[in-house]
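# Structure assessment
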Amino acid sequence: WAPAEESRGNSVSSLLFGEDAGRYYTATGATLFVERRYGLLGWRAELFGESDRTALPRTTHAVFPREGAATGPPPGLVADSGTFYGARVALEHQRGRRLARGVVVSRLWVEAAAGDARFVNVGGMVDAIRTRGWAAGGVRVGAGQVFGEAPVQRGYFAGGATTVRGVAPGTLFGPRFAMGRAEVGVGPAAVRLVGFGDVAWAGRRGAVGRVSAFGAGLSFAEGWLRLDVAWPTGGARTTLVGSNGLL
């Protein structure tokens, strides 16, 4: 899964600093899909066949380039080349329509594939957000499991804007994954001061690691753009522009 917030944040970071923490890879193939939405419930089913390979970054200019930016494959992901075919199903359900009364969005995905590797990937995530006047709060919990020998690009990563802000993308990787995130904010939706804490686990059975961080920042236009400062546990302070947040 790759939320729109992640792509937007990576685009802003690439423009400003020449850095893109996206877990990208190149896939050539075809997909047949059916997508439906009934009120607050939506689903999508796919049949796919694709050939995967590593996607090399092509960023050559930035407003404030950082040393070493955009040199080599994206951090944490050098794809396993191969051909895969199978099916995916994704479900999304939203409870509530108004943030003032609370909104809960639940997602579930299942992927089964064969070819150069056989595997099944199952995962889910729940976001809950509520506002009250100028106060706001949100939590996210998620987990996933890969069964079989999946290529690296189908595994789970811990670290980066969508899991633990301030921790290098792909710091932890494996077939098992869980995460939690909490945010509190104050201010109008246009510009909101936010405090947050992130934690995630990833790895193989008997060798699951944990990363965590806390921080604060500014949220613009209900989270359309974020400017955060994160302090990873045991790491150095990191400034993030366009990072993925709940508020």
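Attention here is on the structure that accompanies the text. (Residues numbered from 1 in each chain as written. Predicted model: local features only at pLDDT ≥ 70, side-chain atom pairs only at ≥ 80, totals over all residues. Heavy atoms only, no water.)

Bringing the nonpolar core into the picture now. By size, the foremost hydrophobic cluster in this structure holds 19 residues, and its most contacted members are Phe119, Ala158, Val164, Phe177, Ala200 and Val211. Among the secondary structure elements, those contributing two or more residues to this core are strand 4 (103-115), strand 5 (119-132), strand 7 (156-158), strand 9 (176-186), strand 10 (191-204) and strand 11 (207-220). If we skip the residues at most four places from it in the chain, alanine 158 touches Thr163, Ala168, Gly170, Thr171, Leu172, Ala200, Ala202 and Val211. Membership of the second largest hydrophobic core comes to five residues, among which are Ile129, Ala136, Val194 and Leu247. (Core = buried A, V, L, I, M, F, W, Y, C linked by side-chain atoms within 4.5 Å. Buried < 20%, exposed > 50% of the residue type's maximum accessible area, 1.4 Å probe, protein only. Helix = DSSP H or I, 4+ residues; strand = E, 2+ residues; numbered from the N terminus. Contact = heavy atoms within 4.5 Å.)

Take the pairing of strand 2 (residues 41-54) next. As paired strands, strand 1 (residues 25-38) and strand 2 are joined by 14 bridges and run antiparallel to one another. Residue pairing in the sheet places arginine 36 in a bridge with tryptophan 43 of strand 2. Adjacent in sequence and paired antiparallel, strand 1 and strand 2 are bridged by two residues, among which glycine 39 carries a positive phi angle near 65°. One ladder, built from 12 bridges, connects strand 2 with strand 3 (residues 82-95); its direction is antiparallel. Residue pairing in the sheet places glycine 49 in a bridge with tyrosine 85 of strand 3. (Pairing = 2+ DSSP bridges.)

Here we take up the pattern of salt bridges. The final tally for this structure, using the stated rule, is 18 salt bridges. The residue arginine 154 makes a salt bridge to glutamate 111 at a minimum N-O spacing of 3.0 Å. Here the residue arginine 154 occupies a position in the loop between strand 6 (135-148) and strand 7, and glutamate 111 occupies one in strand 4, the gap between them amounting to 43 residues. By relative accessible area, which is 7% here, glutamate 111 ends up buried. Here arginine 140 and aspartate 127 are joined by a salt bridge, their closest N and O atoms 2.7 Å apart. Residue arginine 140 is found in strand 6, and its partner aspartate 127 is found in strand 5; the two are separated by 13 residues along the sequence. Of the two residues, arginine 140 and aspartate 127, both sit in the buried class. When salt bridges with common partners are traced through the structure, they connect Glu35, Arg44, Glu46, Glu50, Asp52, Arg88, Glu111 and Arg154 into a single cluster. (Salt bridge = Lys/Arg side-chain N within 4 Å of Asp/Glu carboxyl O.)

A complete count under the given rule lists four aromatic pairs for this structure. Measuring from ring centre to ring centre gives 5.4 Å for tyrosine 156 and phenylalanine 177, while their planes differ by 10°; the resulting arrangement is stacked. Taken as a pair, tyrosine 156 in strand 7 and phenylalanine 177 in strand 9 lie far apart in primary sequence, 21 residues in all. The same class applies to tyrosine 156 and to phenylalanine 177, which are both buried. Looking at arginine 44, its charged tip hangs above the ring of phenylalanine 33, at a distance of 3.9 Å from the centre. (Phe/Tyr/Trp six-rings, centres within 6.5 Å; stacked < 30°, edge-to-face > 60°. Lys NZ or Arg CZ within 6 Å of the ring centre and 35° of its normal.)

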